[in-house]
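Each chain is listed here by its residues.
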Amino acid sequence: MTITVEQIKSIIAGAEETLRLLLNQPEYHEIASSEKFVTQNELGLADAIQALSEVYRAIIESECDLVNPPEPATDSRDPFDLLGY
């Protein structure tokens, strides 16, 4: 199975949106406020949303680097000439 970058971004964005919908549900708040609701690292749904958002932004930023890589220096002059030596 091959997956495109656009599909990856869509999946992540969809998961983030779904979690945002859950976060606003009274049923989720009831579960999360329970004394029995404990995660190993004290993370909650908002943390998962934040993580997905950061991954999504990182993908977009890395795409920009792939599409527009920094151009190599093209100045063929002696570096000492550039410094005024």
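What you see as residue numbers is a count from 1 along each chain, following the sequence as written. Thresholds applied to this predicted model are a pLDDT of at least 70 for local features of residues and 80 or more for the giving and counting of side-chain atom pairs; totals over whole chains, interfaces and linings are not thresholded and use all residues. Neither water nor hydrogens contribute to the side-chain values; these are computed over all heavy atoms in the structure.

1. Observations concerning helix α1 (residues 5-23)
In step 1: A run of H or I in DSSP becomes a helix once it reaches four residues, and a run of E becomes a strand once it reaches two; helices and strands are each numbered from the N terminus. What a helix is expected to span follows from its residue count: subtract one and scale by 1.5 Å. Across its 19 residues, α1 extends 27 Å between first and last C-alpha, which sits within 8% of the 27 Å expected from 1.5 Å per residue.
In step 2: Every buried residue of α1 is listed here: Lys9, Ile12, Glu16 and Leu19. Along the long axis of α1, the arc covered by the buried residues comes to 95°, so they all point the same way. Exposed and oriented more than 90 degrees from the buried face of α1 are Ile11 and Leu21. Between buried and exposed lies partly exposed: a residue is buried under 20% and exposed over 50% of the maximum accessible area for its type, with that area taken using a 1.4 Å probe on protein chains only. By arc we mean the arc of the directions from the helix axis to the C-beta atoms, nothing more.

2. Quick look at the pattern of salt bridges
In step 1: Salt bridges are defined as contacts in which a side-chain nitrogen from Lys or Arg sits within 4 Å of a carboxyl oxygen from Asp or Glu. Under the criterion given, the structure shown has three salt bridges.
In step 2: Glu63 is paired through a salt bridge with Lys9; the nearest N and O atoms lie 3.0 Å apart. Highlighted residues: Glu63 in helix α3 (residues 45-67) and Lys9 in helix α1, separated in sequence by 54 residues.
In step 3: Under the relative-accessibility criterion, Lys9 is labelled buried at 11%.
In step 4: The shortest N-O distance in the salt bridge between Arg20 and Glu16 comes to 2.7 Å.

3. A closer look at the confidence of the model for the chain
In step 1: Summarising the model, the chain shows a mean pLDDT of 85, and 75% of its residues fall at 70 or more.
In step 2: A score from 0 to 100, pLDDT tells how confident the predictor is in each residue. Confidence, read as mean pLDDT per element, is least for helix α4 (residues 79-82) in the chain (58) and greatest for α1 (95).

4. What about the packing of aromatic side chains?
In step 1: Note on ring pairs: Phe, Tyr and Trp rings are taken, using the six-membered ring of Trp, and paired if centres are within 6.5 Å. Classes follow the plane angle, with under 30 degrees stacked, over 60 edge-to-face and the rest tilted. This model, assessed by the stated rule, comprises one aromatic pair.
In step 2: Ring geometry for Tyr28 and Phe37: centres 6.4 Å apart, planes at 85°, overall edge-to-face.
In step 3: On the accessibility criterion, Tyr28 (16% relative accessible area) is buried.

5. A word on the side chain of Ser53
In step 1: Following the sequence through the fold, Ser53 ends up in helix α3.
In step 2: What qualifies as a polar contact is a pair of N or O atoms within 3.5 Å, subject to a donor-acceptor requirement within protein and to the restriction that residues adjacent in sequence count only when both atoms come from side chains. For Ser53, the side chain forms a polar contact with the side chain of Arg57, separated by 2.7 Å.

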